[in-house]
Every structure is written in C-alpha cells, then in structure tokens.
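Examination of the molecular architecture
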There are 2 protein chains.
Amino acid sequence: MNTSPLFSLDDLLKLYIQKFRDVKLSDTNIIADKPIYYFISNEGKRIRPLLLLAACNMFEGDMDKALNPAFGIQMFHNFTLVHDDIMDKADIRRNKPTVHKKYGESNAIISGDLMMIYAYDHLSKIDNSQLSEVLSNFNITAGKIVEGQQMDLDFETRNDVGLDEYIKMICYKTSVLLAESLRIGASVANASDLNKELIYNFGINLGLSFQIKDDWLDAFGTGERFGKKIGGDIIQNKKTMLFVKAWELADSSAKEKIKSLMDEEDENLKIKNMLALYSELGVNNLIEELMKEYFYKGIDFLEKIQVDEERKKPLLQFANKIYYRDN
Amino acid sequence: MNTSPLFSLDDLLKLYIQKFRDVKLSDTNIIADKPIYYFISNEGKRIRPLLLLAACNMFEGDMDKALNPAFGIQMFHNFTLVHDDIMDKADIRRNKPTVHKKYGESNAIISGDLMMIYAYDHLSKIDNSQLSEVLSNFNITAGKIVEGQQMDLDFETRNDVGLDEYIKMICYKTSVLLAESLRIGASVANASDLNKELIYNFGINLGLSFQIKDDWLDAFGTGERFGKKIGGDIIQNKKTMLFVKAWELADSSAKEKIKSLMDEEDENLKIKNMLALYSELGVNNLIEELMKEYFYKGIDFLEKIQVDEERKKPLLQFANKIYYRDN
C-alpha cells in the first residue's frame, strides 16, 4: 500500500515554482547576483528539476528534501548555458539577449561561476547520510558535462566526427545530467542501489533520444522552436547527429557536396540543399530509428524499476512527452 | 602532552607535493584536463593548502584527511586565477603564457569550470560528520570570492573607490579563502567552534595585511617580483590600496594630477610621477601603518587560540614570512 501521494508533473512544477519564485540568492553577492536573476526570470521547461522531483516522488521520498537539490541541478544547468553561450557566441536565448550580450563577457563568466557555486550550495542541503555519495556521483557527472562541451567545441573544426564520438559527446553534454537528476531524486528518497542504477540508465537513454530528436527537429521540425530558427544548425555548420550520419554515409562526391554547402552563403539555399542531401542519403530514417531505439531502451529500464507500476506513470508520461514533442 | 608530531612548513609542503606531484585528475575528462595539467605544473607558493595543513596539524588532526581538501582549496584558487586572467586580459602568469593565451579563451573558461568541479570533488572527500558544515561555510566563502572579483572589475571604471569598499573587495577576493583554508584544516582536526572562529579571523586579518603588502610591493618593492614588473599596477591604472588612499587624501588639484597621470603614455614617467605623488600625500606611511595594524590584529587572534603555544609556531612563522617578505 502506498502512503505518499503521487503528484502529477504539473503539480511537481507548481511545487518547484512556488518554492523558488521569489528566491533570494544570497546576502552578500549584491552585484554578481544581478545577471543571475535576469537569467532565471526567463527559464525554460525545467526538465531537470522536474525529473529529480518525479524520481523522488516515485520512490515515495520526502518532497521537501528534494526541492533544494532540484534547484541546485537547475542552477548547474543554467551555469552551463551561460558559459556555453559565451563560447558559442550566441546572442539570443529564449528570445532574450544572452547574459554576455546584456552584461558583457566578464560579468557572464562571473555569473556562470557563481551559478555553479549556488548549484553546489543547494545540492549540499541534502541529508548528511546521502551527501557524500550524491556529491561524489555528481562531481563525476559534472566533469563529464564540461568534457562534453569541450568535445562539442573541438568538433567545430572537424568534419570527420564518428558516430561513437558523437554519441559520447551528447551523452556527456546532455544525458548524464538528466540521469543524475533522476538518481539524486532516487537517493533523496532512499531508493535501493539497483533502482538508482536503473533510473540512471533510464535517464541516459532518454537523454540520448531527447538530444537526437533535438537535432532532428532543427532540420525537419514543423513546430515553432522557442527562440530557434529551423535549419539553424545547418547554417552554423554544427556537427549534429544528422551531419555526422550524413558524413559517414557519404561517398567522396557527396562529401565534396557537403563541404561546398558548408561554404554556401545563401542561408535558405544552404538549408534546402543540405536537407535534400540528408534525404538522398537516407539520414532522416536512420536517425528516427536511432531515436526510437534509445527511447525504448530507456523505457525498458524504467519498467524494470522495482516500484508499483502506478508510481511510474508521471515519468513515463514525461518520457512520452519528450519523445513525441514537435518543438 | 602532545602526541601528534608537529611538522615544519617545509615538511608540510613536501607532504603535499609528494601526494599530488603525479596526480591523475580524472578518468574521463581526457581533453579538458590538458590545460589544467599545464597550469598546475607551474604553481606558485601553495599558500592556501599550506595554511590548511598547518591548521590541521596545529590541532593535531589526521594529516591524511587534510590532503584532499588542501588540494581542493588550491584547485579552487587556481580556477579563480584562470578565469580572472581572462577577464584581466593577462598574457603572462608566473613567467608563462596564461591558459587563455595558450589554449584560447573557450578552453580557458572550460578549464576553470572543471577546476572548480575538481575543487568541490576533493573538498567533498572529508569525513561525513564534517562535510555538511564545511561545504556550507565554503559555499558562502566561494560566493564572496566571486563577488570580490566582480567588485574589482567594477572598480576599473571608477576613481572614487572608498577605503571601506576597497577593504571589502580585498577581503572577499583574497582574505576569505585564506581564512577558509585555515578553518577547514581546523574542522578536519575537529577543533572547537571557538578555535575555528579564532583561526578564521586570524586568516582574515593576515589576508588583508598580505594583500595590502602586495599592493605596496608593486609600488615600493625592491625584490624580484615573480613574473611581475614593479609599477605594473600603476601602469594599468589598477585601483590598489595606494591609489584608493591617495585619492582619498588628494585635494582637487592633486586629483587632477592623478587623472592626468592615468593618461600618461610614457610608462617610466608615469610610475616615477605617481610614486612621487604617493610620497607627497604620505600614502606610503599610512599604508604601512594599516598593514601593520591588520597583521597584529591577526596575530592577536592566533594567540587566543586554545592550544599549546608550541603548536602555533609554524603558523606564526608563516605569518611573519608573509609580512616581512620583499617579493
């Protein structure tokens, strides 16, 4: 018999927003907090804190104890966005100027640094009995996220990125934090080691499927992409799953075509011709297959978790929402 | 009767170097670790880890347990240097190209981020019983350090920086990490709350004296400054204790002189005339007074610490070394 109430995703999001709507970041960092308030006033879907809360709730944990780590995880994610935007020279995020555009690069470096400190501070507010294990896992994850960004940067100057390398990069850059969010939620709820491992692997595969879908949507999406333009990755010559797969499948003449398209200055022509090339090479279908494969692998892990099926529903719904999204 | 051996500063440094000489930073961050190895192969005096180890040793703590946090503190300090060098557009540190000069700015941002993660990782290796308290204190300190850098940046475009503001900035940017290093060492050794407070305050005052001396040496020093040029702060129009005090004491005609000297392009002339102005205003003596005041205030706190006088000797020696240094 379950005693803890099972919350819907909407309720979990409400819980989170209610707690942190008017959050006061610090008593001391009067100047450096400003760009952070600017950034968090315009947050996205809060996928990571939601995953953490949902995992905790699934294992009937105390939701009060999950809120601070959820905020910590979101802060860590925000830190990566602020610093990545500097490196990617991105001007706009979520329809607003990026932090470095608005406050200058030095202030953006500082804000990102401070966000990471706040992330650790909120993460450290979990019970003593779990603190050491959670931090030790989280630090490995954090290191991978940074390495993922480093790989992504290095890929910019390379065309011959292999599929395995690419999967590793998106696993590090995206999946591990989703998986870690879930595992921390499970830890807060004192889940068994097996369940923590299963939920972590659910997150890894869901994350891969999520990121591949993201790449796919950028090229073939029809929905309105929040602050992003369809074909943006193609314009920027970004190494996406589609590019990597296309390069892998291309013979030398197709490779020449890709290379010359990368220099094409007419953006609409560039997008149109690259998409045509992707279709010609059959990339579209292959990518959809891969996306599906990771999604169902993830679902398998979720199914193996040893709790009442009923309690898995919010996370299952979450996974479906991510998989079937059109933006 | 003391049972734990008391180590000399040299022995503590040896202990530290021996442990971390061939440190392997990670199994996973193959690319992003590279600039960090470059940076730590050329480290400075390792003041912070030494303070941590000396504090632990003073309170007869287990030195094995102090080594990881000592490395963590040093990593945190290194992270601040790497990111500050980007913001300060510094080309050289310790006679070698700065990380961003050698590896580019994006890689330097990433390396700094990763250094912070390693800092937390090593700090988190202290005993469970102290972990929560240490991290909670450390996070406040870390936030102050970042705010200190933010203040320093903001001072660049201002001449009217007040003495109190300046003291707050150097307290945040320099003192709090020295003080925190000492407090963590004391925590590892299970020192009493009173002793932890006393050693923290010793560190704050020693740090202020240290930083004021640094400003002073840049202008009036005679020793060889490792990788720094005498008068460098003056050339860069840096807001140092000397500048702040001079501005405070200057009448409107002296203020005009300072302003016009800030635009002087002949570097030697600029240094010579600014130093003459400092002397004229009596800044030199006032600064020496202040330096002395903080130093003795620090020593007072050290004296109040409730352990055998004998065990305070290494830290006292350390303080004297810092105070009487000529470079």
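To be clear, the structure that these remarks concern was listed above.
A short tour of the structure in this document, coming up. None of these values were measured; they are calculated from a predicted model. Residue positions are counted from 1 within each chain, in the order its sequence is given. All chains are assigned letters beginning at A, and all ligands numbers beginning at 1, according to the order in which they are written. pLDDT decides what is reported in this predicted model: residues at 70 or higher carry local features, side-chain atom pairs at 80 or more are listed and counted, and totals for whole chains, interfaces and linings draw on all residues regardless. Side-chain measures were taken over the full set of non-hydrogen atoms in the model, leaving aside hydrogen atoms and water.

Looking at helix 12 (residues 252-262) of chain A
All names here are of chain A.
- All of the buried residues in helix 12 are A254, I258, L261 and M262. Buried residues of helix 12, viewed axially, fall in a sector of 105°; they line one side.
- Looking at the packing, one finds that the buried side of helix 12 touches helix 11 (241-249) and helix 13 (267-280). Exposure is judged per residue with a 1.4 Å probe applied to protein chains only, and the accessible area is read against the type maximum: over 50% gives exposed, under 20% gives buried, and values in between give partly exposed. Here a helix means four or more residues in a row that DSSP labels H or I, a strand means two or more in a row labelled E, and each is numbered from the N terminus. The directions considered for the arc run from the helix axis to the C-beta atoms. Only heavy atoms matter for contacts: two residues are in contact if any of them lie within 4.5 Å across the pair.

Concerning the relation of the copies chain B and chain A
- Least squares is used to superpose the copies, and the fit set is the C-alpha atoms of residues whose pLDDT is at least 70 in both copies. By a simple turn and slide, chain B fits onto chain A: the slide is 0.0 Å along the axis, the RMSD is 0.0 Å, and the turn is 180°. Both copies of the chain, as the preceding transformation shows, are related through a two-fold rotation axis.
- The fraction of interface residues of chain B whose copies in chain A are also interface residues reaches 100%, indicating that both copies meet through the same surface.

Examining the interface of chain B and chain A
- Across the contact, 38 residues belong to chain B and 38 residues belong to chain A.
- As used here, buried area is the combined drop in accessible area, with a 1.4 Å probe, of two parts when they are placed together. Of the roughly 3,400 Å² buried between chain B and chain A on both sides combined, carbon and sulfur atoms contribute 63%.
- A pair is scored as a salt bridge if a Lys or Arg side-chain nitrogen falls within 4 Å of a carboxyl oxygen belonging to Asp or Glu. For the pair chain B and chain A, the number of links is 0 salt bridges.
- Distance and chemistry together define a polar contact, namely a pair of N or O atoms within 3.5 Å, with one atom able to donate a hydrogen and the other to accept it when in protein, and with adjacent residues in sequence counting only for side-chain atoms on both sides. Linking chain B with chain A are 12 residue pairs in polar contact (both at pLDDT 80 or more).
- At the level of elements, helix 4 (63-87), helix 6 (105-123) and helix 7 (128-155) of chain B are the ones that each hand at least two residues to the side of chain B that touches chain A.
- Only Asp, Glu, Lys and Arg are considered charged, only Ala, Val, Leu, Ile, Met, Phe, Trp, Tyr, Cys and Pro nonpolar, and every remaining residue, Gly among them, polar. In terms of residue class, the side of chain B that touches chain A is built from 20 nonpolar, 12 polar and 6 charged.

Quick word on the packing of aromatic side chains
- For Phe, Tyr and Trp, rings pair up if their centres lie within 6.5 Å, where Trp contributes its six-membered ring, and each pair is then called stacked (planes under 30 degrees apart), edge-to-face (over 60) or tilted (otherwise). Evaluation of the coordinates by the stated rule reveals 25 aromatic pairs over all chains.
- Summarising the aromatic geometry, the rings of Y38 of chain A and Y103 of chain A are spaced 5.6 Å apart at their centres and angled 70° between planes, so their arrangement reads as edge-to-face. Highlighted residues: Y38 of chain A in helix 2 (residues 34-40) and Y103 of chain A in helix 5 (residues 99-103), separated in sequence by 65 residues.
- The class of Y38 of chain A is buried, set by a relative accessible area of 13%.
- For Y103 of chain A, a relative accessible area of 23% translates into the label partly exposed.
- Among the aromatic residues, those joined into a ring-pair cluster are F76, F79, Y120 and F138 of chain A together with F76, F79, Y120 and F138 of chain B.
- In this scheme, the term charge over a ring applies when either NZ of a lysine or CZ of an arginine sits within 6 Å of the ring centre and within 35 degrees of the ring normal. A cation over an aromatic ring shows up here: K239 of chain A above the ring of F243 of chain A, its NZ or CZ 5.5 Å from the ring centre.
- The ring centre of Y200 of chain B lies 4.0 Å from the NZ or CZ of R183 of chain B, which sits over that ring.

Let's talk about the side chain of R48 of chain B
All names here are of chain B.
- Assignment of secondary structure puts R48 in helix 3 (residues 47-58).
- Residues counted as positive are Lys and Arg, residues counted as negative are Asp and Glu, and His and the chain ends are not counted. Here R48 occupies a buried position and makes no salt bridge, while the nearest side chain of opposite charge, D214, is found at 8.8 Å.
- Ignoring sequence-local partners within four residues, the contact set of R48 consists of I73, H77, L177, L178 and S181.

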